[in-house]
Amino acid sequence: MTHTMIPEASTPSTRTVEGDSSDSIHWARKAARAFTDRLSPAPDPALADTLVLVVSELATNALRHGGGRFTLRLSADPGTVTAAVSDPSPAPPHARTPDLDGATGGFGWHMVRRLTQALTVTPGPGSGKTVCAQFAR
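Read on for an overview of the structure. (Residues numbered from 1 in each chain as written. Predicted model: local features only at pLDDT ≥ 70, side-chain atom pairs only at ≥ 80, totals over all residues. Heavy atoms only, no water.)

What follows deals with the pattern of salt bridges. A complete count under the given rule lists two salt bridges for this structure. Across the pair D49 and R33 runs a salt bridge, and its minimum N-O distance is 2.8 Å. Residue D49 is located in helix α2 (residues 45-65), and its partner R33 is located in helix α1 (residues 22-38); the two are separated by 16 residues in the primary sequence. Take D49: its relative accessible area is 42%, and that puts it in the partly exposed class. Between K129 and D87 there is a salt bridge whose closest N-O contact spans 2.8 Å. One end of the pair, K129, is in strand β6 (residues 129-136); the other, D87, is in strand β4 (residues 80-87), and 42 residues separate them in sequence. Exposure class is identical for K129 and D87. Each is buried. (Salt bridge = Lys/Arg side-chain N within 4 Å of Asp/Glu carboxyl O. Helix = DSSP H or I, 4+ residues; strand = E, 2+ residues; numbered from the N terminus. Buried < 20%, exposed > 50% of the residue type's maximum accessible area, 1.4 Å probe, protein only.)

Spelled out as structure tokens, the structure:
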């Protein structure tokens, strides 16, 4: 099952993307950018860039470490913008020592924690987890 679904939301304050391939990460980033572009009042451009970066990292981590698929839910209210990424793995994310000499990574979770205003990991849906990154508008 290789697909990416970006259903049209009934309101510009929510958006959902489902993915199970590396192409899905591109669509998640694109959806995050389009989402912030449609918000009114428009968020600061730096917030939009940060949201796209965090969405990319969370979607990549879900594919690599979370069971190979994800659901991204973007939402906004007057004070916050939120990106929630769910995957089928119950294992919580954890920080690794960054690999400064090779190409094995280890920077992502540190970066996500530093860039978000609030970050939570909760069980579900099902036996998986949801990582919720929140940003002040």
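Space inside the largest pocket adds up to approximately 460 Å³. Forming the boundary of the largest pocket are 26 residues, of which N61, H65, P93, H94 and W109 lie nearest the centre. Among the secondary structure elements, those contributing two or more residues to the lining of the largest pocket are α2, β4, α3 (108-115) and β6. In terms of residue count, the dominant contributor to the lining of the largest pocket is α2 (seven residues). (1 Å grid on protein atoms, 1.4 Å probe; cavity = no way out; pocket = protein on both sides within 12 Å on 5 of 7 lines; lining within 4 Å. Points joined across faces, edges and corners; volume = space filled by probe spheres on them.)

The next point concerns the nonpolar core. L51, V55, L58, F70, L72, L74 and V81 are the most contacted members of the largest nonpolar core, which totals 28 residues. Listed by contribution, the elements that provide at least two residues to this core are α1, α2, β3 (70-76), β4, α3 and β6. In contact with L58, other than residues within four places in its own chain, are V85, W109, V112, V131 and A133. (Core = buried A, V, L, I, M, F, W, Y, C linked by side-chain atoms within 4.5 Å. Contact = heavy atoms within 4.5 Å.)

Bringing α3 into the picture now. The complete set of buried residues in α3 reads G108, W109 and V112. Down the axis of α3, the buried set is contained in an arc of 95°. They therefore lie on one face. Buried residues along α3 sit in contact with α2, β5 (118-123) and β6. (Arc of directions from axis to C-beta.)

As a further point, take the environment of P41. As for its placement among the helices and strands, P41 is situated in the loop between α1 and α2. As a C-alpha pair, P41 and R73 span 32 residues in sequence and 20 Å in three-dimensional space.

Before going further, it helps to spend a moment on the pairing of β5. Put simply, side chains in a regular strand alternate between the two faces of the sheet. Sheet topology note: the β5/β6 ladder contains six bridges and is antiparallel. Counterpart to T120 in the pairing with β6 is C132. Adjacent in sequence and paired antiparallel, β5 and β6 are bridged by five residues, among which G124 carries a positive phi angle near 95°. (Pairing = 2+ DSSP bridges.)

The terminal C-alpha atoms of α2 lie 30 Å apart, and with 21 residues this matches the ideal 30 Å at 1.5 Å per residue to within 8%. Just downstream of α2, G67 is the residue with a positive phi angle, here 110°. (Expected span 1.5 Å × (residues − 1).)

What follows concerns the packing of α2 against α3. Packing of α2 against α3 brings their axes to within 10 Å, and their N-to-C directions diverge by 145°. Note on packing geometry: the crossing formed by α2 with α3 is left-handed. On the side of α2, the interface is formed by T50, L53, V54, E57 and L58, while α3 contributes G108, W109, M111, V112 and L115. Split by residue class, the contact of α2 with α3 holds seven nonpolar, two polar and one charged. (Axes fitted to C-alpha atoms, helices over the stretch in contact; angles between N-to-C directions. Left-handed = near helix turned anticlockwise from the far one by under 90°. Nonpolar A, V, L, I, M, F, W, Y, C, P; charged D, E, K, R; others polar.)

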